[in-house]
Amino acid sequence: MARRVAARARARARAGGVPRSEGTIQDRARVGSGGAEDALDVFDELLRRGIGAPIRSLNGALADVARDNPAAAVSRFNRMARAGASMVTPTVHTYGILIGCCCSAGRLDLGFAALGHVVKKGFRVEPIIFNPLLKGLCADKRTDDAMDIVLRGMTELRCVPNVFSHTIILKGLCHENRSQEALELLHMMADDGGGCLPNVVSYSTVIDGLLKEGDPDKAYATYREMLDRRILPNVVTYSSIIAALCKGQAMDKAMEVHDRMVNNGVTPNCFTYTSLVHGFCSSGQLTEAIKFLEKMCSNGVEPNVVTYSSLMDYLCKNGRCTEARKIFDSMVKRGLKPDITTYSSLLHGYAIEGALVEMHGLFDLMVQSDMQPDHYVFNTLIYASAKQGKIDEAMLVFSKMRQQGLKPNCVTYSTLINGYCKVTRMENALALFQEMSYKVTSKRGVTKIPLYDK
DNA sequence: CTAGGGTTAG
């Protein structure tokens, strides 16, 4: 939602260049139901005005469309390219956005094809063309391939990787739990003599990776190093540290960092507050959590779906689903769209309370709202029925899950096996166990069997 | 117009 609001704001800002008499874009942006539609309108309007629209604005509008709807952006690009000869000519930036669309749609092959096209067209190859591809490779856990391109491939095309290219690799390494290597690459950048100096984003990425991998000492040393280089931490750096402390329920320390951040003139945002709300909840300090929720509102920071989901999850885990549901309903009323995590939390809450009617009601609502239930949701429904000894109901959900094209995983089977054991239908349990053995290949080769009663 | 941070888990 925040992203949508931001997209709308950007769309409006862009439309702001339009003379007031032609206020159609603003009006549509204001009443528009979503950021993607607004951005599309702005783009179309700019394209319609042809030569009057600077390519930079078109690229910006295209990037807005791409954020919410990559496929729509590709079709808009084609329209733009057709208009090209007489109206506007795509730049490398336009192609960069397009390649980004291909990659975020999981079509790296198309992205690379587009790269080839750009090279053939005689464009100078710039990092902005490569960077989305690097990001796509890293998202696919192919950071080594991406690194190979940065350290060799790009230079072969006389394209010098920039700080964005390197930071994508840093993030990719951290994502693969290789934050030590990320740290080495960060030092390489810093020692390289200025070609591509790391900035606050590069440092924050590695600090976050080290924290997530459980190496706070190295993270702190890296933070010191950043300060020594006169690079100031920003809201992301602080939020990342606060999040790590909250996760470890070190709320006193999290508050210290929060205070220091504010004293240093860095304003906490929704991410920062959400971490704190979650941290206070998970350490059982509901009063403090609510205090921060109120604080963020009074500071003009709107809680979003994640903030509310965090609070709801706490309530659900403490047998207070009814209150969580109230938050859910008021969220919907205020136009915030619950996401899969919100539903999962509440469904899980109903499941452990044994509130099967409410649970299925919410499940139906979820499907009506066009949310695709995932493994976790189905496993939760199965768990709820099995736990009450209603194994046949659980098996019905199981077949529904497969109808949806979802492959049952280890958790699914284990939950059902446990359900059959509970009602002492051992032959069914055994049959499922055998089915699981050849259908599910567990990564570690070990199956954890759940236990309901304590 | 590209890079970094927050929520769910038998």
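Residues numbered from 1 in each chain as written. Chains lettered and ligands numbered in written order. Predicted model: local features only at pLDDT ≥ 70, side-chain atom pairs only at ≥ 80, totals over all residues. Heavy atoms only, no water.

A. Structural detail: the overall build of chain A. A tally of helices and strands in chain A yields 25 helices and zero strands. With 454 residues in all, chain A has 47% of them scored as buried. Here the analysis covers contacts within chain A between residues at least 6 apart in sequence; of these, 60% occur between residues at least 24 apart. (Helix = DSSP H or I, 4+ residues; strand = E, 2+ residues; numbered from the N terminus. Buried < 20%, exposed > 50% of the residue type's maximum accessible area, 1.4 Å probe, protein only. Contact = heavy atoms within 4.5 Å.)

B. Focus on the protein's contact with DNA strand B. Lining the immediate environment of DNA strand B, one finds 52 residues, of which Lys135, Lys171, Asn199, Lys317 and Ser414 sit closest. When atoms of DNA strand B within 4 Å of the protein are split into backbone and base, the sugar-phosphate part holds 41%. One of the side-chain nitrogen or oxygen atoms of Lys135 is found 2.3 Å away from a phosphate oxygen of DNA strand B. Its residues placed into classes, the surface near DNA strand B shows 17 nonpolar, 25 polar and 10 charged. (Near = heavy atom within 4 Å. Polar contact = N/O pair within 3.5 Å; in protein donor to acceptor, adjacent residues only side chain to side chain. Nonpolar A, V, L, I, M, F, W, Y, C, P; charged D, E, K, R; others polar.)

C. Inspection of the domain arrangement of chain A at higher detail. For chain A, the assigned domains read domain 1 (304-367) and domain 2 (372-441). Contact residues are listed per partner, giving 13 residues for domain 1 and 16 residues for domain 2. Both sides together, the interface formed by domain 1 and domain 2 hides about 1200 Å², and carbon and sulfur atoms give 74% of it. If you look at where domain 1 meets domain 2, you find zero salt bridges. The tally of links between domain 1 and domain 2 comes to one residue pair in polar contact (both at pLDDT 80 or more). Secondary-structure elements contributing two or more residues to the side of domain 1 that touches domain 2 are helix 20 (340-353) and helix 21 (356-368). Residue classes in the side of domain 1 that touches domain 2 are distributed as nine nonpolar, four polar and no charged. (Domains from an automatic or database assignment. Buried area = accessible area lost by both parts, 1.4 Å probe. Salt bridge = Lys/Arg side-chain N within 4 Å of Asp/Glu carboxyl O.)

D. Molecular detail of unusual backbone geometry. With phi around 55°, Gln249 is a residue other than glycine that occupies positive phi space. Mapping Gln249 onto the fold places it in the loop between helix 14 (235-247) and helix 15 (251-263). With a phi angle near 45°, Thr424 is a residue other than glycine that sits in the positive phi range. Its location among the elements puts Thr424 in the loop between helix 24 (410-422) and helix 25 (426-439). Classification of Thr424 by relative accessible area gives exposed; the value is 61%.

E. A look at the side chain of Ser310. Mapped onto the elements of the fold, Ser310 is located in helix 18 (residues 305-317). When sequence neighbours within four positions are dropped, the list of residues in contact with Ser310 reads His278 and Cys281.

F. Broad picture of the confidence of the model for chain A. Mean pLDDT over chain A: 87, with 84% of residues reaching 70 or higher. Taken as a whole, residues 1-7 scores under 50 in pLDDT and shows 10 contacts with residues more than four places along the chain or in a different chain. Scored below 50 in pLDDT, residues 444-454 makes 17 contacts in the model with residues more than four places away or belonging to other chains. (pLDDT = per-residue confidence, 0-100.)

G. Representation of the state of the cysteines within the structure. Throughout the structure, instances matching the rule amount to zero disulfides. Free of any disulfide, Cys138 has its nearest neighbouring cysteine sulfur in Cys174, separated by 10 Å. Using a relative accessible area of 5% as the deciding quantity, one classes Cys138 as buried. As a non-bridged cysteine, Cys297 has Cys270 as the owner of its nearest cysteine sulfur, 9.6 Å distant. Residue classification places Cys297 among the partly exposed positions, given a relative accessible area of 41%. (Disulfide = S-S within 2.5 Å.)

H. Local environment of the side chain of Thr272. Topologically, Thr272 is positioned in helix 16 (residues 270-282). In contact with Thr272, other than residues within four places in its own chain, are Val235, Ser239, Ile242 and Met261.

I. Region of interest: helix 10 (residues 163-175). Here helix 10 contains 13 residues, and its C-alpha end-to-end distance of 18 Å stays within 8% of the 18 Å for a straight helix at 1.5 Å per residue. Most of helix 10 sits inside the fold, with 10 of its 13 residues counted as buried. Of the residues making up helix 10, those classed as buried are Val163, Ser165, His166, Thr167, Ile168, Ile169, Leu170, Gly172, Leu173 and Cys174. Directly beyond the C-terminal end of helix 10, a positive phi value near 55° is found at Asn177. (Expected span 1.5 Å × (residues − 1).)

J. Here's a closer look at helix 24. When the terminal C-alpha atoms of helix 24 are compared, their 18 Å separation across 13 residues agrees well with the 18 Å that a helix rising 1.5 Å per residue should span. The buried fraction of helix 24 is high, at 10 of 13 residues. Buried within helix 24 we find Cys410, Thr412, Tyr413, Ser414, Thr415, Leu416, Ile417, Asn418, Gly419 and Tyr420. Turning to helix 24, the residues buried within the fold contact helix 22 (375-387), helix 23 (391-403) and helix 25. The backbone nitrogen of Val411 has a side-chain oxygen 3.1 Å away, supplied by the residue at the start of helix 24, namely Asn409. Two residues or fewer after helix 24 comes Thr424, characterised by a positive phi angle close to 45°.

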